[in-house]
Amino acid sequence: MSVSERFAAFLEDFSESRIEQMSELFAEELDFKDPLNEAITLDHLKKIEHDLFKQLKEIRFEVTSRQEQGEEAFVAWIMRYRFRLWQREIEGCSHIKFNAEGKITFQRDYWDASLPIYGEFPPLGFLMKGIKKLLSVKP
């Protein structure tokens, strides 16, 4: 099974109990960034993931596509979750790179945090929607 297949399978079966199994997929030292967090060790990444389960409920990923070439891959996904009382979803993509042993050493998660995350807080949501409306190109 390729690294992108293993990563996709991990996402689609993602749960708090699986966090401790991340060492099967990730190197101990890594370079991880998403719009909210950064980590340079697997232990720190595990803390980030545990915190995710404290903040959000019913987290589920659906992998929509993946492409792998050489020692890197792109995996597109939709993350569905419950925040407070509402179901939400975020579309994103993970760019991963891996070493000769097939362990992920680099991960960049790309997704829009402006409305799905910041928009949950009334003053910020109002501001973000206003900025989006102001900057969007009109037909």
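Structural data are supplied above this passage.
Residues numbered from 1 in each chain as written. Predicted model: local features only at pLDDT ≥ 70, side-chain atom pairs only at ≥ 80, totals over all residues. Heavy atoms only, no water.

Draft legend 1. Molecular detail of the sheet that holds strand S3 (residues 57–69). With respect to topology, six strands assemble into an open sheet ordered S2-S1-S6-S5-S4-S3, the strand pairing being mixed. The open sheet has two edge strands with one neighbour each: strand S2 (38–41) and S3. In this sheet, neighbouring strand axes are inclined to one another by 25 degrees on average, regardless of whether the strands run parallel or antiparallel. Of the strand pairs in this sheet, strand S1 (residues 26–33) and strand S6 (residues 104–111) are connected by four bridges, and their pairing is parallel. Across the sheet, residue Lys-33 finds its bridge partner in S6, namely Arg-108. Along the sheet, helix H1 (residues 3–12) contacts S1, S3, strand S4 (72–83), strand S5 (86–98) and S6; its crossing angle with S3, the most-contacted strand, is approximately 170 degrees. (Pairing = 2+ DSSP bridges. Helix = DSSP H or I, 4+ residues; strand = E, 2+ residues; numbered from the N terminus. Axes fitted to C-alpha atoms, helices over the stretch in contact; angles between N-to-C directions. Contact = heavy atoms within 4.5 Å.)

Draft legend 2. Highlighting the pairing of S1. Note that S1 and S2 share three bridges and pair antiparallel. Directly across from Glu-29, in S2, lies its bridge partner Thr-41. Connecting S1 to the antiparallel partner S2 that follows it, the hairpin turn spans four residues.

Draft legend 3. Molecular detail of the nonpolar core. Core analysis: the biggest nonpolar cluster contains 33 residues, and Phe-7, Phe-26, Leu-45, Ile-59, Trp-77 and Met-79 have the highest contact counts within it. Among the elements of the structure, H1, S1, helix H2 (42–55), S3, S4, S5 and S6 are those that each provide at least two residues to this core. Broken down by element, this core gets its largest block of residues, six residues, from S4. Dropping the residues within four chain positions of it, Ile-59 is found in contact with Phe-14, Leu-52, Phe-53, Met-79, Arg-80 and Tyr-81. (Core = buried A, V, L, I, M, F, W, Y, C linked by side-chain atoms within 4.5 Å. Buried < 20%, exposed > 50% of the residue type's maximum accessible area, 1.4 Å probe, protein only.)

Draft legend 4. Fine view of the packing of aromatic side chains. Scanning the entire structure with this criterion turns up four aromatic pairs. Centroid distance Phe-14 to Phe-53: 5.2 Å. Interplanar angle 45 degrees. Geometry classified as tilted. In this pair, Phe-14 is assigned in the loop between H1 and S1 and Phe-53 in helix H2, connecting sequence segments 39 residues apart. Phe-53 matches Phe-14 in its accessibility class, with the two residues each being buried. Seen from their ring centres, Phe-14 and Phe-61 are 5.8 Å apart, and the 75 degrees between their planes marks the pair as edge-to-face. With Phe-14 in the loop between H1 and S1 and Phe-61 in strand S3, this pair connects stretches of sequence that are 47 residues apart. Each member of the pair Phe-14 and Phe-61 is classed as buried. In this structure an aromatic cluster arises from ring pairing among Phe-10, Phe-14, Phe-53, Phe-61 and Trp-77. (Phe/Tyr/Trp six-rings, centres within 6.5 Å; stacked < 30°, edge-to-face > 60°.)

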